[in-house]
Structure formats: structure tokens, C-alpha cells
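# Coordinate analysis (summary)
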Amino acid sequence: VVITANGITFPGSFTFNYNSGSTPSISSISPSSGVSGQTLTITGSNFVNSQTTVNVGGVPCSILSVSSTTITCTVGSSQAGGLSVVATVAGVGRSNGNVMFQYNLQVSSVTPARGSFGGGQTVTVVGDGFNGSSVSATICGQACQSVTVI
């Protein structure tokens, strides 16, 4: 370990040893896709009960159980798309981030169910997986003029 501040290097001699034997590692997840509230099973190694957290696309996955090789958690609300699954063990560090969970777009209702040909109707779409920066809506082949994600 070398410490340098403002061009001055600390003359001490410290070591840091990377230990792959204690690094959390994710080998697979099941299921590989789903929505908010989905129970996710993560298989791997070096997980520690009461010291392990999981994020799916940066959003916490609520821990249900942890063993040294398996984690189960409940997926939180997120944007749709491929999201990295990462386990973190306190005092040890993060796992690999190359295992992906496909967060599906979910629509539970559209109201009202009808309107005029002239447009101007406010339509409310309720669901999950919407991302405020890249959402569009089309009704009867016509693009909505304004889309707001709440």
C-alpha cells in the first residue's frame, strides 16, 4: 500500500493481500428475469449470514435468508432492462457483477379505457419498470405528446 498526498509519499511499508478465498462470488441466479416482489435465489460462495447485502441494478434486494452458498431476497422496484446482481459482505467487499437479472416492464392498469379521436385525454398507466428518461407511450398508433413518470 502506497499513500501519496500532494505529491508527498508516506515512507511507511504496509501490505494488503487480496484473498480470492474470502471474496463473495455469484455463479448463478434463479429466475433470471422478473418484476418487483419477485423472490430471487442467488447461488455462489463466501456469503455470510447477517453481513451480506444484495443490490440488483443498484437497488436493494430485501434479504430473506443467507447461507455460505445461497441467498434468497425479494427484488425491489427498478427500471426495466438487464441489471447487474452484486452481493456485498461487510468487511470483505463486493462480488463479481457479471450476473444479470432481466427486470421486466410491468403494466397493471390503463385508465380510462377509451377516449375521443381528437386526443387531449390524460391517460394513466400504472405499473413498474418505467425509467423517467426514456419512456414513450403510443395509443392506437399515435405517440403521446407528453409522458410523465411519477
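Described below are features of the structure shown in this document. (Residues numbered from 1 in each chain as written. Predicted model: local features only at pLDDT ≥ 70, side-chain atom pairs only at ≥ 80, totals over all residues. Heavy atoms only, no water.)

## Quick notes on the overall build of the protein chain
Broken down by element type, the protein chain carries 0 helices and 15 strands. A compact globule built from 150 residues would reach a C-alpha radius of gyration of about 15 Å, whereas the protein chain, at 22 Å, exceeds it by more than 25%. Overall, the C-alpha framework of the protein chain stretches about 75 × 45 × 20 Å when taken along its three principal axes. Every one of the 150 residues in the protein chain was classed for burial, and the buried ones make up 22%. Contacts in the protein chain between residues far apart in sequence, at least 24 positions, make up 47% of those at least 6 positions apart. (Helix = DSSP H or I, 4+ residues; strand = E, 2+ residues; numbered from the N terminus. Rg over C-alpha atoms; globule rule 2.2 N^0.38 Å. Buried < 20%, exposed > 50% of the residue type's maximum accessible area, 1.4 Å probe, protein only. Contact = heavy atoms within 4.5 Å.)

## Observations regarding the environment of valine 92
By the element assignment, valine 92 lies in the loop between strand E9 (81-89) and strand E10 (93-94). Residues valine 92 and threonine 52 lie 40 residues apart in sequence; the distance between their C-alpha atoms is 9.8 Å.

## Some points on the layout of surface pockets
Roughly 1400 Å³ of volume is contained in the largest pocket. As for the largest pocket, its lining consists of 41 residues, and the residues nearest its centre are Gln121, Val123, Ala137, Ile139 and Cys144. In terms of residue count, strand E13 (residues 124-128) provides more of the lining of the largest pocket than any other element does, 5 residues in total. Within the lining of the largest pocket, the residues separate by chemical class into 19 nonpolar, 20 polar and 2 charged. (1 Å grid on protein atoms, 1.4 Å probe; cavity = no way out; pocket = protein on both sides within 12 Å on 5 of 7 lines; lining within 4 Å. Points joined across faces, edges and corners; volume = space filled by probe spheres on them. Nonpolar A, V, L, I, M, F, W, Y, C, P; charged D, E, K, R; others polar.)

## A word on the state of the cysteines
Working definition of a disulfide: a covalent bond connecting the sulfur atoms of two cysteines. One pass over the structure, following the stated rule, counts 1 disulfide. Residue pairing for cysteine 61: its cysteine sulfur links by disulfide to cysteine 73, the two sulfurs lying 2.1 Å apart. The S-S bond linking cysteine 61 to cysteine 73 shows a torsion near 85°; that makes this disulfide right-handed. Of this pair, cysteine 61 sits in strand E7 (residues 59-66) while cysteine 73 sits in strand E8 (residues 70-74), placing them 12 residues apart in sequence. Cysteine 73 sits in the buried class, given a relative accessible area of 0%. In this structure cysteine 140 is not part of a disulfide, and its nearest cysteine sulfur, from cysteine 144, lies 9.8 Å away. The exposure class of cysteine 140 is exposed, given its relative accessible area of 78%. On the accessibility criterion, cysteine 144 (30% relative accessible area) is partly exposed. (Disulfide = S-S within 2.5 Å.)

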